[in-house]
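Structural overview for review
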Amino acid sequence: MAVKIRLLRMGKIRNPQYRIVVADSRTKRDGRAIEYVGIYQPKHDPSLIEVKSERVQYWLSVGAQPSEAVQRILEKTGDWQKFKGLPAPPPLLVAPEKASRQAAYEAEAKAAAGVAETPAKPAKKATKVAAAPEAAAAKPAQTKAADPAEPNREAVAETAEDPAGAGADAS
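Throughout this description, residue numbers start from 1 for each chain and increase along the sequence as written. In view of the model being predicted, local features appear only for residues whose pLDDT reaches at least 70, and side-chain atom pairs are presented and counted only at 80 or more, with totals across whole chains, interfaces and linings using the full set of residues. Heavy atoms throughout the structure, all of them, feed into the side-chain values; hydrogens and water do not.

Under an unreviewed UniProt entry, the chain has the name Small ribosomal subunit protein bS16 and belongs to Couchioplanes caeruleus subsp. caeruleus. UniProt positions are given in the numbering used here, feature names are shortened, and annotations may be inferred rather than shown by experiment. The UniProt entry for the chain carries this comment under Sequence similarities (unreviewed entry): "Belongs to the bacterial ribosomal protein bS16 family."

The following block contains the structure:
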């Protein structure tokens with residue numbers, strides 16, 4: 001029986017995810033596998049490759065033939081060079097660690113409560129205000145720049161005669 005190490009496709013349309021499997025060469029691409037020895041997800045940035053190196057080395061030693069795609073993956077992980085006795089490849093790219101959502105939430109909560117120091121970005125804003133305190137005192141605080149084409153909403157609301165019909169609710 002000829003044994004192959006190949007990819008078994010999984011996932012959705014346009015989002016392929018593969019398992020690296022050891023299977024009889026006569027079975028279908030997505031058919032029954034003898035053993036699952038890894039995963040490959042090409043859509044991640046960088047691509048996610050996880051290989052059970054010990055099991056791949058065993059199957060290669062007993063004569064299993066990798067497909068071209070699997071051989072390229074094994075070359076990236078260094079398992080193929082280990083099997084052939086070649087020098088190791090350069091290290092793989094590793095995705096940066098994700099920031100903890102809980103830590104970010106706690107930092108924001110402390111900053112909102114005024115318990116802890118605020119992040120570096122608001123501190124920069126404070127230095128800008130401290131650099132020109134006379135200018136800040138001379139101008140009243142505005143939440144939005146006044147657009148000459150747009151009328152003042154408060155002034156319009158005072159002069160309007162109930163266009164929404166709010167008085168109709170009283171009847």
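Things to note about the pattern of salt bridges
Any Lys or Arg side-chain nitrogen found within 4 Å of a carboxyl oxygen on Asp or Glu counts as a salt bridge. Counted under the stated rule, the structure contains three salt bridges. Glu-35 is paired through a salt bridge with Arg-55; the nearest N and O atoms lie 2.8 Å apart. Placement of the pair is Glu-35 in strand β3 (residues 35-41) and Arg-55 in helix α1 (residues 53-61), with a sequence separation of 20 residues. Labels follow the DSSP assignment, with helices taken as runs of H or I lasting at least four residues and strands as runs of E lasting at least two, numbered in each case from the N terminus.

Regarding the packing of aromatic side chains
Each Phe, Tyr or Trp ring (for Trp, its six-membered ring) is paired with any other whose centre lies within 6.5 Å, and the angle between the two planes then decides the class: stacked below 30 degrees, edge-to-face above 60, tilted in between. Applying the stated criterion across every chain, the model contains three aromatic pairs. For the ring pair Tyr-18 and Tyr-40, a centre distance of 6.1 Å and an interplane angle of 20° mean the geometry is stacked. A residue pair is termed long-range when its members are at least 10 positions apart, and Tyr-18 in strand β2 (residues 15-24) and Tyr-40 in strand β3 qualify at 22 residues. Accessibility assignment for this pair places Tyr-18 and Tyr-40 in one class, buried. Both rings, one in Tyr-58 and one in Trp-59, keep their centres 5.3 Å apart while their planes meet at 75°; by these two values the pair is edge-to-face. Trp-59 gets classed as buried once you look at its relative accessible area, which sits at 12%. For every residue, the accessible area obtained with a 1.4 Å probe (protein chains only) is divided by the maximum for its type, and the residue is called buried under 20%, exposed over 50%, and partly exposed between those limits.

Looking at the nonpolar core
In this text, buried Ala, Val, Leu, Ile, Met, Phe, Trp, Tyr and Cys residues form a nonpolar core when linked through side-chain atoms within 4.5 Å. Membership of the largest hydrophobic core comes to 16 residues, with the highest contact counts inside it found for Ile-5, Ile-20 and Trp-59. If you list the elements that add at least two residues to this core, you get β1 (3-12), β2, β3, α1 and α2 (68-77). Once you skip the residues sitting within four places of it in the chain, Trp-59 turns out to touch Val-3, Ile-5, Val-22, Ile-34, Glu-35, Val-37 and Ala-64. Should any heavy atoms of two residues lie within 4.5 Å, those residues are counted as being in contact.

Observations concerning the side chain of Asp-79
By the secondary structure assignment, Asp-79 is in helix α3 (residues 79-84). Residues within four places of Asp-79 in sequence aside, it is in contact with Val-51, Ser-53, Val-56, Gln-57 and Leu-74.

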